[in-house]
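# What the coordinates show
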Amino acid sequence: MNQAPKLNSYRGGPDEDGRFGIFGGRFVAETLMPLILDLQDEWNKAKDDPAFKAELAHLGAHYIGRPSPLYFAERLTAELGGAKIYFKREELNHTGSHKINNCIGQILLAKRMGKTRIIAETGAGQHGVASATVAARFGLPCVVYMGATDVERQAPNVFRMKLLGAEVKPVTAGSGTLKDAMNEALRDWVTNVDSTYYLIGTAAGPHPYPEMVRDFQAVIGQEAKEQMLAAEGRLPDLVVAAVGGGSNAIGIFHPFLDDESVKIVGVEAGGKGIEGDEHCASITAGSPGVLHGNRTYLLQDGDGQIKEGHSISAGLDYPGIGPEHAWLNDVGRVEYVPIMDHEALEAFQTLTRLEGIIPALEPSHALAEVIKRAPKMGKDEIILMNLSGRGDKDIFTVGKILGMGQ
Amino acid sequence: MTARMDKRFADVAAEGRPVLVTYFMGGDPDFETSVSIMKALPKAGADVIELGMPFSDPMADGPAIQLAGQRSLKGGQTLAKTLEIARRFREEDQRTPIVLMGYYNPIYIYGVDRFLTDALAAGIDGLIVVDLPPEMDDELCVPALEKGINFIRLATPTTDDRRLPKVLENTSGFVYYVSMNGITGSALPDPSLIAGAVGRIKAHTNLPVCVGFGVKTAEHARAIGASADGVVVGTAIVNQIASSLTEEGKATDATVPGVEALVRGLSAGVRSARLAAAE
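This structure is a prediction, so every number in the text was calculated from the model and none was measured. (Residues numbered from 1 in each chain as written. Chains lettered and ligands numbered in written order. Predicted model: local features only at pLDDT ≥ 70, side-chain atom pairs only at ≥ 80, totals over all residues. Heavy atoms only, no water.)

### A closer look at the sheet that holds strand S5 (residues 150-151) of chain B
One key point about sheets: their strands pair by backbone hydrogen bonds, in either a parallel or an antiparallel sense. Residues and elements named next belong to chain B. The strand order across the open sheet formed by nine strands is S5-S4-S3-S2-S1-S9-S8-S7-S6, and the pairing between neighbours is parallel. At either end of the open sheet lies a strand with only one pairing partner, and these are S5 and strand S6 (154-155). Bridge count between strand S1 (residues 19-25) and strand S2 (residues 48-52): five bridges; the pairing is parallel. Of the residues in S2, the one forming a bridge with methionine 25 is glycine 52. Sitting on the sheet, helix H12 (residues 255-271) touches S1 and strand S9 (230-233), and the angle it makes with S1 is about 155°. (Pairing = 2+ DSSP bridges. Helix = DSSP H or I, 4+ residues; strand = E, 2+ residues; numbered from the N terminus. Contact = heavy atoms within 4.5 Å. Axes fitted to C-alpha atoms, helices over the stretch in contact; angles between N-to-C directions.)

This is the structure in structure tokens:
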């Protein structure tokens, strides 16, 4: 699906064992191994199959609404007084975020494999909604595992999933967030391995998921590159995206990795501060370990037990990160920085008032970093940010914190 | 590999009965009670002990073992302390094989070389690491075999004849056949299906085949033991421990005796298995 990578490319990974440097791999129970190998075979065939690519492109154009616009944020740019700021408007996709790009791709694979049941995990509920949507579109039953804490704070998305016909199973184990939902989805998969396709929502998990999800999301960066060349006649100087598991970020980053002039920044959830335990900054404050099928940066204690983490944004509330991001950090191609809850909240309000766009709390983290950097850059410089989701789902959370509403 | 494991399987086979393998979670509900439980197991008839290493995210375990891990971690259990439980046990029992069972991350963080050295010193005979399939053998399996520690692999109903040789390639000690696709503590499938699966694995290996997942009663143990070289019981023991605790999760006078009584019953089950099969 991508252009051929150059020699000495940052875009050649993973290797055939699913590794990006020391990261990635296939750390799963034996029950799942045969299925994961089948999935890899099917994916290898599908990605070079013109019929598969054509169906994906058709659904992209007519169901998702691709290409998503590249939007010049004129008033925000003027307010900050520095670099020109462009948004890749993934929040305008059907279902309101980038998650649908991956779900359409994976459900086509599930159909090819003859699977009759879809399971998914979700944090903010965006991936759950996107999974429930494609399951409805293709007539497959869908079970979504969601942490009980997230069921509370993302009530609108829970309702949407139920309307779409999905069964939402609240997970009370651990702190009831994304990590626990993923554990429970893996338990379901191990039990129903013959009938079930596990539609993982982020660019993490056992090989081939990190590669596959990245390739389905790379359409974001490919379009943005063409659109930017059309609008400005050149590439951006800086690309910024928020990183939880990291699918929207790897989607916009990947096509730019070999463009040396483009600086790339991933924004992690700094929560209430990275000194304590209440954050989800796996790269900034974590260390390499093995969880959910891959080796990557994790929040963990000295005994290798995984910590819970915290973020105001349910979609970033995960104690790990996709393995390709871990590698891009270690080789120095991408810089990863934390943004605190309160900074994201401020950015959320700024964008709402200046541009009339209510962003999700996840890209609000990326925006907070853009707001820090733009004034320090020249007016002839260009920032591209992935506006990965819309904020309707977050208005009650934000309203509660700001003491507004009701 | 380790003489202790091979000798135990050979001795029990000479008695004409299957091996009873018992699992419990190290540190559940606390360190000292765990040491007492472990010491009680062989006296009640356990032939091999699986010592669980708790992990915060046990993706292949059902609710009973998840909760046992949480109790253990809440009580301050660490991998170092789990090795210490084994060392304490070895002070009075040098013959019962010990297999550590858990997930890779705590071992990876402890450091593979340091872990293998300390495990050998503590008298560990084998490892079962759920999230390390053969594709990941360079991580721990190969270094463990080089040090003389068995690496025991799980085979499952999804492990077909095409894949079985790969699964068995670096397996030693015994093969652990997981009797169903699923998590620990699920229901036991039909013993005749299990007998067929055991036969299929034995066509590929000379190693003993032990069967687990779903074995709860002496009757189950007897039925499985009719075809398998060994029977693994885990969730039933963990549930027995849980049911003996106070509301705050503390051990009581009934905790260790409860495990002893359960294992004595299971042991009687495996001891009558072949007699039943011969009838």
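### Quick word on the pairing of strand S7 (residues 175-178) of chain B
Residues and elements named next belong to chain B. Burial along S7 is two-sided: the face carrying Val175 and Tyr177 and the face carrying Tyr176 and Val178 are both buried. Here two bridges tie S6 to S7, and the two strands are oriented parallel to one another. The residue of S7 that forms the bridge with leucine 154 is tyrosine 176. With four bridges connecting them, S7 and strand S8 (residues 209-212) associate as parallel partners. Each bridged residue has a counterpart across the sheet, and for valine 178 the counterpart in S8 is glycine 212. (Buried < 20%, exposed > 50% of the residue type's maximum accessible area, 1.4 Å probe, protein only.)

### Here we look at helix H1 (residues 33-47) of chain A
In a regular helix each residue adds 1.5 Å, so 15 residues correspond to 21 Å; H1 of chain A covers 21 Å between its end C-alpha atoms and thus fits that length. Looking at the packing, one finds that the buried side of H1 of chain A touches strand S2 (23-27), helix H2 (50-64), helix H4 (99-112), helix H8 (178-191), strand S8 (196-198) and helix H9 (209-217) of chain A. (Expected span 1.5 Å × (residues − 1).)

### Considering the interface of chain A and chain B
Accessible area lost upon the coming together of the parts serves often as the stated size of an interface. The interface of chain A with chain B comprises 37 residues on the first partner and 35 residues on the second. Applying the counting rule to chain A against chain B returns four salt bridges. The shortest N-O distance in the salt bridge between arginine 19 of chain A and glutamate 139 of chain B comes to 3.3 Å. The tally of links from chain A across to chain B stands at 16 residue pairs in polar contact (both at pLDDT 80 or more). The element best represented in the side of chain A that touches chain B is H8 of chain A, accounting for seven residues. For the side of chain A that touches chain B, the per-class residue count stands at 16 nonpolar, eleven polar and ten charged. (Salt bridge = Lys/Arg side-chain N within 4 Å of Asp/Glu carboxyl O. Polar contact = N/O pair within 3.5 Å; in protein donor to acceptor, adjacent residues only side chain to side chain. Nonpolar A, V, L, I, M, F, W, Y, C, P; charged D, E, K, R; others polar.)

### Concerning the packing of aromatic side chains
Within this structure, the stated rule accounts for 14 aromatic pairs over all chains. Between tyrosine 176 of chain B and phenylalanine 213 of chain B, the aromatic rings sit 6.2 Å apart at their centres with planes inclined by 90°, giving edge-to-face as the arrangement. Taken together, the residues span a long stretch of sequence, with tyrosine 176 of chain B in strand S7 and phenylalanine 213 of chain B in the loop between S8 and helix H10 (218-225) at a distance of 37 residues. One exposure class covers both tyrosine 176 of chain B and phenylalanine 213 of chain B, and it is buried. Each residue in the set Phe27 of chain A together with Tyr104 and Tyr108 of chain B is aromatic and connected to the rest through ring pairs, giving one cluster. The aromatic ring of tyrosine 71 of chain A is capped on one face by arginine 89 of chain A, whose charged end is 5.4 Å from the ring centroid. (Phe/Tyr/Trp six-rings, centres within 6.5 Å; stacked < 30°, edge-to-face > 60°. Lys NZ or Arg CZ within 6 Å of the ring centre and 35° of its normal.)

### Focus: the environment of isoleucine 283 of chain A
All names here are of chain A. Within the secondary structure layout, isoleucine 283 lies in helix H12 (residues 282-285). The class for isoleucine 283 is buried, based on a relative accessible area of 9%. Note: C-alpha distance between isoleucine 283 and glutamine 217 (66 residues apart in sequence) is 21 Å. Setting aside chain neighbours within four positions, we find isoleucine 283 in contact with Glu268, Tyr297, Ile321, His325, Ala326, Asn329 and Tyr336.

### Side note on the confidence of the model for chain B
Do not read the fine detail of predicted coordinates wherever pLDDT is low. On average, residues of chain B score 93 in pLDDT, and 98% of them reach the 70 mark or higher. Both confidence scores are given for the complex: pTM 0.95, ipTM 0.94. (pLDDT = per-residue confidence, 0-100.)

### Let's talk about H2 of chain A
Residues and elements named next belong to chain A. Between its first and last C-alpha, H2 extends 20 Å over 15 residues, near the 21 Å set by a 1.5 Å rise per residue. What H2 keeps buried is the set Phe52, Leu56, Leu59, Gly60 and Ile64. All buried residues of H2 lie within an arc of 105° about the axis, which places them on one face of the element. Looking at H2, the residues exposed on the side facing more than 90 degrees away from the buried face are Pro50, Ala51 and His62. Where the residues of H2 are buried, they touch H1, H4, helix H5 (126-138) and H9. Trailing H2 by a residue or two, glycine 65 shows a phi angle of about 100°, which is positive. (Arc of directions from axis to C-beta.)

### Points about the nonpolar core
Counting residues in hydrophobic clusters, the biggest one holds 88 residues, and the most contacted among them are Ile104, Leu109, Trp189, Tyr197 and Tyr198 of chain A together with Tyr176 of chain B. Those residues in contact with tryptophan 189 of chain A that sit more than four places away from it in its chain are Leu32, Leu35, Ile36, Ile119, Thr196, Tyr198 and Tyr209 of chain A. Counting residues in each nonpolar core, the second largest holds 64 residues, with Ile37, Val112, Phe115 and Val263 of chain B among its members. (Core = buried A, V, L, I, M, F, W, Y, C linked by side-chain atoms within 4.5 Å.)

### Details of the pattern of salt bridges
By the definition in use, this model includes 47 salt bridges over all chains. Note that aspartate 17 of chain A is salt-bridged to arginine 26 of chain A, the shortest N-O span being 3.5 Å. Aspartate 17 of chain A gets classed as partly exposed once you look at its relative accessible area, which sits at 33%. In this structure, glutamate 92 of chain B and lysine 43 of chain B form a salt bridge, with 3.3 Å as the shortest nitrogen-oxygen distance. In this pair, glutamate 92 of chain B is assigned in the loop between helix H4 (79-90) and strand S3 (98-102) and lysine 43 of chain B in helix H2 (residues 31-43), connecting sequence segments 49 residues apart. We classify glutamate 92 of chain B as partly exposed; its relative accessible area is 46%. Beyond isolated ion pairs, a larger network of salt bridges with shared partners links Arg66, Lys88, Glu90 and Glu223 of chain A.

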